Amino acid sequence: MRLTADGTTPIPRSVWVEQLETDDGYAFELARPLFLTAGDRIGFEGGGLVVTRPCGTRLTAEGSWSTRCGPGVGSRR
């Protein structure tokens, strides 16, 4: 499922997430799986994932960046 992580676009349906891949070959691997509900908004701030619930509550999710393909596979800085 494609999710927009711009911090303003709500997720259309509930989804269980273990990692999020970007269009440029990076992935954010969550330290713990996360259940996102319809209406949640996600974004990346300070290198981490931030979830804003419809009620306005903000959650941060721990994880790490990695590359999925291409030369120099390793961590994103």
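These numbers come from a predicted model, not from an experiment.

A.B. asks: Where do I start with the overall build of the protein in this structure?
C.D. replies: The number of helices and strands found in the protein is zero helices and seven strands. Overall, the protein shows an N-to-C arrangement of helices and strands of β-β-β-β-β-β-β. Sorting the 77 residues of the protein into buried and exposed places 31% on the buried side. Once local pairs closer than 6 in sequence are excluded, the contacts in the protein between residues at least 24 apart make up 41%.

A.B. asks: Explain the pattern of salt bridges here, please?
C.D. replies: Pairing between side chains becomes possible if they bear opposite charge and their charged atoms approach one another. On inspection of all chains with the given rule, the structure shows three salt bridges. Among the ionic pairs, Arg-53 bridges to Asp-40, the shortest N-O distance being 2.4 Å. Of the two residues, Arg-53 sits in the loop between strand E5 (48-52) and strand E6 (58-61) while Asp-40 sits in the loop between strand E3 (26-36) and strand E4 (41-45), which places them 13 residues apart along the sequence. Of the two residues examined, Arg-53 and Asp-40, each falls in the buried class. Ionic pairing is found between Glu-45 and Arg-58, a salt bridge with its closest N-O pair at 2.9 Å. With a gap of 13 residues between them, Glu-45 in strand E4 and Arg-58 in strand E6 connect regions that are remote in the sequence. By relative accessible area, Glu-45 is classed as partly exposed at 43%.

A.B. asks: I would appreciate a short explanation of the packing of aromatic side chains in the present structure.
C.D. replies: Each aromatic ring pair is specified by the distance between its two centres and by the angle formed by the two planes. Here the structure, examined in full by the defined rule, presents four aromatic pairs. Relative to Phe-44, the ring of Phe-28 lies with its centre 5.7 Å away and its plane at 65°, an arrangement referred to as edge-to-face. Here Phe-28 is found in strand E3, whereas its partner Phe-44 is found in strand E4, with 16 residues between them in sequence. By relative accessible area, Phe-28 is classed as buried at 1%.

The rules we used
- Residues numbered from 1 in each chain as written.
- Predicted model: local features only at pLDDT ≥ 70, side-chain atom pairs only at ≥ 80, totals over all residues.
- Heavy atoms only, no water.
- Helix = DSSP H or I, 4+ residues; strand = E, 2+ residues; numbered from the N terminus.
- Buried < 20%, exposed > 50% of the residue type's maximum accessible area, 1.4 Å probe, protein only.
- Contact = heavy atoms within 4.5 Å.
- Salt bridge = Lys/Arg side-chain N within 4 Å of Asp/Glu carboxyl O.
- Phe/Tyr/Trp six-rings, centres within 6.5 Å; stacked < 30°, edge-to-face > 60°.

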